[in-house]
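# Examination of the molecular architecture
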Amino acid sequence: MLEKYFAILEGEEKSKYLQNKEKIPLLIRKAEEIFQNCHFCEHRCGVNRYERAGKCRVKQASIASHFFHYGEESMLIPSYTIFFSGCTFYCVYCQNWDISQYHAGIYIEPEKMAFMIEKAWERGARNVNWVGGEPTPNLLYILQVLEKCSANLPQIWNSNMYCSVETMDLLKEIIDVYLTDFKYGNNKCAERLSKVKNYWEIVTRNHKIAYNQGEMIIRHLILPNHVECCSKPILEWISENVPEAMVNIMDQYYPTYKAMEYEEINRRIKMAEYDEVYDYAKELGINIIK
């Protein structure tokens, strides 16, 4: 698992963005066109983001924080994690609501961010982890940073995967590992709890694309009372469509932000719920991260 990721860490292979360095100026031009009629995500709000923020509440990239993260999956740490503010989702239980739902942080010049990535590489970072909030609205900025960067670090796309196909086409040239957040097993739950439409069709499509473009770790956060409607359909889909993906079954849900207004998720999950999901994943032959 993650053979190419480890090959980059060992210096046996270049990260994808370095392999495609000569393509980045063209990728930037394509991203600039999307930025002016924004469709980085499947909201496709069409906003000229040089003039105002899109539905994601993002105009120009705003960095809420960046640091060595030791709370990620073991093979990823220490991860140089760059948190953007703003998000394409409106999750009522968002644990990062202070940066995802509101403007937070500052703009850092791409040259400066590239320099900080290179310093992180020298200090032992194992990857660059683009997250948020959500990285999708910030793809133009990410490309501008990578154009200035020379650190041979795997690039991690830590995303809800509500990206447009145009975004996925750009990502194939720069992303080594997709660290995805697969939330819902149907559209009804996604629309109720994250305020997005056509979730299942879009996110399953993008997981298939990503699976063919790079290596993949899927995170699934178990929600209380959502084992049958969400957790099990997701695991079934993974086993049938992206069987080699690594899966992190997460039990750390807690009610925060607006979750108290939704009775079915106004508690932590029960151990029985976690055991049921975990055991079902084992039955399906899922590559569970221990």
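Calculation notes
Residues numbered from 1 in each chain as written. Predicted model: local features only at pLDDT ≥ 70, side-chain atom pairs only at ≥ 80, totals over all residues. Heavy atoms only, no water. Helix = DSSP H or I, 4+ residues; strand = E, 2+ residues; numbered from the N terminus. Expected span 1.5 Å × (residues − 1). Buried < 20%, exposed > 50% of the residue type's maximum accessible area, 1.4 Å probe, protein only. Arc of directions from axis to C-beta. Contact = heavy atoms within 4.5 Å. Core = buried A, V, L, I, M, F, W, Y, C linked by side-chain atoms within 4.5 Å. Pairing = 2+ DSSP bridges. Polar contact = N/O pair within 3.5 Å; in protein donor to acceptor, adjacent residues only side chain to side chain. Salt bridge = Lys/Arg side-chain N within 4 Å of Asp/Glu carboxyl O. Right-handed = clockwise from strand over helix to strand, strands pointing away. Disulfide = S-S within 2.5 Å.

Okay, helix H5 (residues 110-122) next. Relative to the 18 Å expected for 13 residues at 1.5 Å per residue, H5 spans 19 Å between its end C-alpha atoms, a close match to the ideal helical length. Those residues of H5 that sit buried are Pro110, Met113, Ala114, Met116, Ile117 and Ala120. Down the axis, H5 shows its buried residues gathered within 160 degrees of arc, on one side only. Opposite the packed face of H5, turned more than 90 degrees from it, sit the exposed residues Lys112 and Glu122. Packed against the buried residues of H5 are strand S1 (63-69), strand S2 (79-84), strand S3 (128-131) and helix H6 (139-147). Trailing H5 by a residue or two, Gly124 shows a phi angle of about 105 degrees, which is positive.

This paragraph deals with the nonpolar core. Core analysis: the largest hydrophobic core is formed by 89 residues, its most contacted members being Tyr93, Met113, Ile117 and Ile174. Per element, the largest residue contribution to this core is 7 residues, and it comes from H6. For Ile174, the contacting residues outside a window of four places in its chain are Lys16, Tyr17, Leu27, Leu139, Ile142, Leu143, Leu146 and Gln155. Among the nonpolar cores identified, the runner-up in size contains 10 residues, and Leu2, Met75, Val177 and Met246 belong to it.

Time to look at the pairing of S2. For S2, the buried fraction is high: 6 of the 6 residues fall into the buried class. Of the two faces of S2, the one lined by Ser79, Thr81 and Phe83 and the one lined by Tyr80, Ile82 and Phe84 are each fully buried. In this structure, S2 lies alongside S3, joined through 4 bridges in parallel fashion. Its bridge partner lying in S3, Thr81 is registered against Asn129.

Turning our attention to the side chain of His207. Here His207 is to be found in helix H9 (residues 199-213). Reaching out from His207, the side chain makes a polar contact with the side chain of Thr180 at a distance of 2.8 Å.

For the structure on display, the rule yields 14 salt bridges. Asp169 is the salt-bridge partner of Lys172, the closest N and O atoms lying 3.0 Å from each other. Taking the relative accessible area as the measure of exposure, Lys172 reaches 35% and is therefore partly exposed. Looking at Asp169, the relative accessible area reads 35%, which means it is partly exposed. A salt bridge links Glu276 to Lys232; its shortest N-O distance comes to 2.8 Å.

This next bit is on unusual backbone geometry. For the peptide bond that leads from Ile77 to Pro78, omega is -5 degrees, which places it in the cis range. Following the sequence through the fold, Pro78 ends up in the loop between S1 and S2. Here the amide bond leading from Gly132 into Gly133 is cis, since omega sits at 20 degrees, within 30 degrees of zero. You can see Gly133 is positioned in the loop between S3 and H6. The phi angle at Lys195 is positive, at roughly 65 degrees, despite the residue not being glycine. On the accessibility criterion, Lys195 (38% relative accessible area) is partly exposed.

Quick look at the pairing of S3 now. The side chains of a regular strand alternate between the sheet's two faces. Side chains of S3 alternate between two faces, with Val128 and Trp130 and Asn129 and Val131 buried alike. In the sheet, S3 pairs with strand S4 (residues 155-159) via 3 bridges, with the strands oriented parallel. Within S4, the position partnered with Asn129 by the bridge is Ile156. A crossover links S3 with its parallel partner S4, the connecting element being H6, and its sense is right-handed.

Turning our attention to the state of the cysteines. What the rule picks out here adds up to 0 disulfides. Of all cysteine sulfurs in the structure, the one in Cys94 sits closest to Cys91, which takes part in no disulfide; the separation is 5.9 Å.

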